[in-house]
Amino acid sequence: MARDLPWAGASPWGVLVSEVMLQQTPVSRVRRYWGPFTTRFPAPVDLAGASVAEVLGLWRGLGYPRRALRLIESARAIVEIHDGEVPRTPEDLLRLPGVGIYTASAVASFAFGRSVPVIDTNVGRVLARALAGRSLSARDARALAERLLPERGVAPFNQSLLDLGAQWCRPHPLCESCPVRRVCAWRGVGGDDPARGSAYVSRAQAPYAGSERERRGLVLRHLGPGATALSALESRTGLTRGDLERVVDSLVTEGFCGRAGEKVTWAS
Ligand code: SF4
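Note that the coordinates shown come from a computational prediction; the quantities given were computed from them, not determined experimentally. (Residues numbered from 1 in each chain as written. Predicted model: local features only at pLDDT ≥ 70, side-chain atom pairs only at ≥ 80, totals over all residues.)

Undergrad: How should I be thinking about the overall build of the protein chain in this particular structure?
TA: For the protein chain, the count of helices and strands is 14 helices and 3 strands. Considering only C-alpha atoms, the protein chain reaches an extent of 65 × 45 × 30 Å along its principal axes. Expressed as a percentage of its 268 residues, the buried residues of the protein chain come to 33%. Pairs at least 24 residues apart make up 61% of the contacts formed inside the protein chain by residues separated by at least 6 positions. (Helix = DSSP H or I, 4+ residues; strand = E, 2+ residues; numbered from the N terminus. Buried ≥ 20, exposed ≤ 12 C-beta atoms within 10 Å, placed from the backbone. Contact = placed C-beta atoms within 7 Å.)

Undergrad: I'm lost on the packing of helix H1 (residues 12–22) against helix H2 (residues 27–40) in this one. Help?
TA: If you want to describe how two helices pack, look at the angle between their axes and the distance between the axes. The contact between H1 and H2 brings their axes to 10 Å, and the two run at 140 degrees. One finds that H1 runs oblique with respect to H2. Considering only the axes of H1 and H2, their crossing is right-handed. From H1, Gly14, Val17, Ser18, Met21 and Leu22 reach across to H2, where they touch Val27, Val30, Tyr33, Trp34, Phe37 and Thr38. A breakdown of the residues in the contact of H1 with H2 according to their chemical character gives 8 nonpolar, 3 polar and no charged. (Axes fitted to C-alpha atoms, helices over the stretch in contact; angles between N-to-C directions. Parallel < 35°, antiparallel > 145°, perpendicular 65-115°, else oblique. Left-handed = near helix turned anticlockwise from the far one by under 90°. Nonpolar A, V, L, I, M, F, W, Y, C, P; charged D, E, K, R; others polar.)

Undergrad: Explain helix H5 (residues 66–81) here, please?
TA: Since the α-helix turns once every 3.6 residues, residues separated by three or four places project in the same direction. Taking 1.5 Å of rise per residue, the 16 residues of H5 would be expected to cover 22 Å, and the 22 Å separating its terminal C-alpha atoms lies within 8% of that figure. By the burial criterion, the buried members of H5 are Arg67, Ala68, Leu71, Ile72, Ser74, Ala75 and Ile78. An end-on view of H5 places all buried positions within 160 degrees of arc, on one side of the element. Turned more than 90 degrees away from the buried face of H5 sit Glu80 and Ile81, all of them exposed. Residues of H5 that are buried sit in contact with H1, helix H3 (44–48) and helix H4 (52–59). Just beyond H5, the residue with positive phi is Asp83, at close to 55 degrees. (Expected span 1.5 Å × (residues − 1). Arc of directions from axis to C-beta.)

Undergrad: Is there a simple way to explain the sheet that holds strand S2 (residues 257–260) in this structure?
TA: Sheet strands associate in pairs through backbone hydrogen bonding, adopting either a parallel or an antiparallel arrangement. If you trace the 3 strands from one edge of the open sheet to the other, you get S1-S3-S2, paired in antiparallel fashion. On the outer flanks of this sheet lie strand S1 (228–229) and S2, each paired with one strand and no other. Of the pairings in the sheet, the one linking S2 to strand S3 (residues 263–266) comprises 4 bridges and is antiparallel in character. Paired with Arg259 across the two strands is Val264, which belongs to S3. (Pairing = 2+ DSSP bridges.)

Undergrad: Looking at this model, I keep getting lost on the site of the ligand. Mind explaining?
TA: Close contacts around the ligand come from 14 residues, with Ala130, Cys169, Cys175, Cys178 and Cys184 the closest. If you list the elements that add at least two residues to the shell around the ligand, you get helix H8 (121–132) and helix H11 (185–189). In terms of residues, the shell around the ligand owes the most to one element, H8, which gives 3 residues. Broken down by class, the residue content of the shell around the ligand amounts to 11 nonpolar, no polar and 3 charged. (Near = placed C-beta within 6 Å.)

Undergrad: Any chance you could explain the pairing of S3 here in plain terms?
TA: Two faces make up the sheet, and in a regular strand the side chains alternate between them. Pairing geometry for S1 and S3, over 2 bridges, is antiparallel. By the bridge assignment for S3, Ala229 is matched with Lys263. Hairpin geometry of S2 and S3 is characterised by an intervening segment of 2 residues between the two adjacent antiparallel strands and by a positive phi of about 60 degrees at Gly261.

Undergrad: What should I look at first to understand the environment of Val45 in this one?
TA: In this structure, Val45 sits in helix H3. Each C-alpha atom, one on Val45 and one on Gly165, is 35 Å from the other, the two residues being 120 residues apart in sequence. Ignoring anything within four residues of it in the chain, the contact list for Val45 reads Val79 and Gly84.

Undergrad: Please explain helix H10 (residues 154–167) as it appears in this structure.
TA: For H10, spanning 14 residues, the distance from its first C-alpha to its last is 20 Å, which sits close to the expected 20 Å at 1.5 Å a residue. Within H10, the full set of buried residues consists of Asn158, Leu161, Leu162, Asp163, Leu164 and Gly165. Where H10 is buried, its residues contact helix H7 (101–112) and H8.

Structure representation (structure tokens):
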């Protein structure tokens, strides 16, 4: 039942990188990126000294490049504040840039064996369907997940809930082959899908084609190694001048790039 994940048993840094990559991104895609990335940047200190252009080059195609910027900032904070070691507690992990409650809990559990629940959209469905048989508020879902934690083996337990949600209890569940179908609360009571509207369960993403995400990706892909003129970006990306200006300004605000007049550069 457990998935064979290349980052299982990795260093705390390797686990942190995997969890950041897995935010809103399927395991199948992260598998292709995690190995090359952690080979090039095997420790926080290696990423802390890297250029934005190089990091985004390795990240290209994984999506949501904002995560790469936050990961660089996290690596720098780990070097400056934690002597280069990934912090062990959810509280300290939460202070790292781009690390939310899910990522902090996952790293604390999988890298350090801390007794905390790890709840993403997959686990949110399992909690609502298999365990509660009803839609849950965030507070009820968390309380239920905390009550379930075993005294020993918290990390494998958390991983098995994630695996169950990813492999069987999907948005369209595969109940006939599900290993817990005999004890599943929803299968017992029937009715509308309790995962719909339940806490932690995300809705379907808006399509990528035609989105602002696509336009941002286009601009980053066509930014040269030195200064690139806006007029060159306009012809390379095919964006209108108005769209290009807006996208470049947001990329500058978020720390991807710098802009001086008509020239755009990578952030250092
Ligand atoms: S039986 Fe169906 S609804 Fe219940 S946990 Fe398995 S896949 Fe989910």
